[in-house]
Each structure stands twice: as C-alpha cells, then as structure tokens.
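So the chains spell out like this:
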Amino acid sequence: MTDNNTKKEAPPKRPQCAFFIYKQEVYQQVKDANPGKKMTDITKIISQQYKQLTKDKIDLYEQKYKDNKVVYEKEKKTYEDKHGKIKNERKKKKDDTKATKKAQNKKQKKQESDEDQSSEDDD
C-alpha cells in the first residue's frame, strides 16, 4: 500500500486561451446544429464564428483568459514554493521519443546492411 503523502501532486494546468474558452462554451450547440460533422469541421465552424465576433465580445474572452492566468500564476507560485520549479515534461517526452526512434532506425538500417552483406558473401 502506497502512502498518498509521498506522491507529488500534479502542477496546475496553464489557462486556456480566449479562443478555447469560447470553443468550450459553444462546442455542444454547434455540434448539435451540425450532426454528422467531424470534430475538425466543427472546430473550423467555431473558428469562423469566433473571427466574426465583435471586438467587445472578443475582449470579454480575452479578459476571462487574463483572469484565469492570474489564478494560474498564483497556483504555480504556491506549487513551486512547495515542490520546486515545474518541468516541461511534455517537451522532454517528445524529444526522448524522437531520439529513441532515431536510434532504433539506425540500428535497424545497420542490421539490414549487415544482412545484405552477409547474403552477398554467401554467393
């Protein structure tokens, strides 16, 4: 049985940008109005709607983002005071995956090359 106190809590999530706040609010109604459409098509429709909003409406979503960012910065500071600096693990995982794939590809090409040479030697 593991002790929950030893497990590090997850860092706070970064706030969504203004467009994603808007998208979250209208997604279901746009989806309902466009049955059978793929998620990418629905997102394109929402994007077009967002671009057509008045400046005042866009400013409201920008303000929501700014408000969320203030809350995030406070939560981030509290988290970092308790656990240390937040590491950007997503980037690291991506880089690790690329490096691993490159190494595997090199190894596979070398094996194929070695096999080709050994089969030529057999002739």
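- By the naming in an unreviewed UniProt entry, the protein goes by HMG box domain-containing protein and is assigned to Paramecium pentaurelia.
- Under the UniProt heading Subcellular location (unreviewed entry), the entry covering the protein gives this text: "Nucleus".

## Considerations on the overall build of the protein
Stage number 1. Along the protein, the regular secondary structure elements total four helices and zero strands.
Stage number 2. Across the protein, helices and strands are ordered from the amino to the carboxyl terminus as α-α-α-α.
Stage number 3. Counting only residues that meet the buried cut, the protein has 11% of its 123 residues in that class.
Stage number 4. Taking as baseline every contact in the protein between residues at least 6 positions apart, the subset at least 24 positions apart corresponds to 67%.
Stage number 5. Put simply, the protein shows about 11200 Å² of open surface, and 49% of that area lies on carbon and sulfur atoms.

## What to know about the pattern of salt bridges
Stage number 1. Under the defined criterion, the tally for this structure stands at four salt bridges.
Stage number 2. In this structure, Lys64 engages Glu25 in a salt bridge whose closest nitrogen and oxygen atoms are separated by 2.7 Å. Here the residue Lys64 occupies a position in helix α3 (residues 55-83), and Glu25 occupies one in helix α1 (residues 18-33), the gap between them amounting to 39 residues.
Stage number 3. Residue Glu25 is classed as partly exposed on the basis of its relative accessible area of 43%.

## Concerning α1
Residues spaced three or four apart along an α-helix face the same direction, because each turn holds 3.6 residues.
Stage number 1. Taking 1.5 Å per residue as the helical rise, α1 with its 16 residues ought to reach 22 Å, and the 23 Å between its terminal C-alpha atoms agrees with that figure.
Stage number 2. At Val26, α1 shows its largest kink, close to 50 degrees.
Stage number 3. Of the surrounding secondary structure, the elements contacted by the buried residues of α1 are α2 (39-51) and α3.

## Quick word on α3
Stage number 1. With 29 residues, α3 ought to run about 42 Å at 1.5 Å a step, and its terminal C-alpha atoms sit 40 Å apart, in line with that.
Stage number 2. Every buried residue of α3 is accounted for by Tyr61, Tyr72 and Tyr79.
Stage number 3. Elements in contact with the buried residues of α3: α1.
Stage number 4. Trailing α3 by a residue or two, Gly84 shows a phi angle of about 95 degrees, which is positive.

## Overview of the environment of Tyr61
Stage number 1. Along the chain, Tyr61 falls in helix α3.
Stage number 2. Residue classification places Tyr61 among the buried positions, given a relative accessible area of 11%.
Stage number 3. Note: C-alpha distance between Tyr61 and Phe20 (41 residues apart in sequence) is 9.1 Å.

## Description of the packing of α1 against α2
Stage number 1. Where α1 meets α2, the axes come as close as 9 Å, and the angle between the chain directions of the two elements is 120 degrees. Relative to α2, the element α1 is oriented oblique. Considering the relative orientation of α1 and α2, their crossing is right-handed. Note on element contacts: α2 touches α1 through Met39, Ile42, Thr43, Ile45, Ile46, Ser47, Gln49 and Tyr50, opposite Ala18, Phe19, Tyr22, Lys23, Val26, Tyr27, Val30 and Lys31.
Stage number 2. Its residues assigned to classes, the contact of α1 with α2 comprises eleven nonpolar, three polar and two charged.

What counts and how
- Residues numbered from 1 in each chain as written.
- Predicted model: local features only at pLDDT ≥ 70, side-chain atom pairs only at ≥ 80, totals over all residues.
- Heavy atoms only, no water.
- UniProt positions renumbered as here; feature names shortened; annotations may be inferred.
- Helix = DSSP H or I, 4+ residues; strand = E, 2+ residues; numbered from the N terminus.
- Buried < 20%, exposed > 50% of the residue type's maximum accessible area, 1.4 Å probe, protein only.
- Contact = heavy atoms within 4.5 Å.
- Areas by Shrake-Rupley, 256 points an atom, 1.4 Å probe, with all protein chains shown as cover.
- Salt bridge = Lys/Arg side-chain N within 4 Å of Asp/Glu carboxyl O.
- Expected span 1.5 Å × (residues − 1).
- Bend = angle between axes of the 7 residues up to and from the residue.
- Axes fitted to C-alpha atoms, helices over the stretch in contact; angles between N-to-C directions.
- Parallel < 35°, antiparallel > 145°, perpendicular 65-115°, else oblique.
- Left-handed = near helix turned anticlockwise from the far one by under 90°.
- Nonpolar A, V, L, I, M, F, W, Y, C, P; charged D, E, K, R; others polar.

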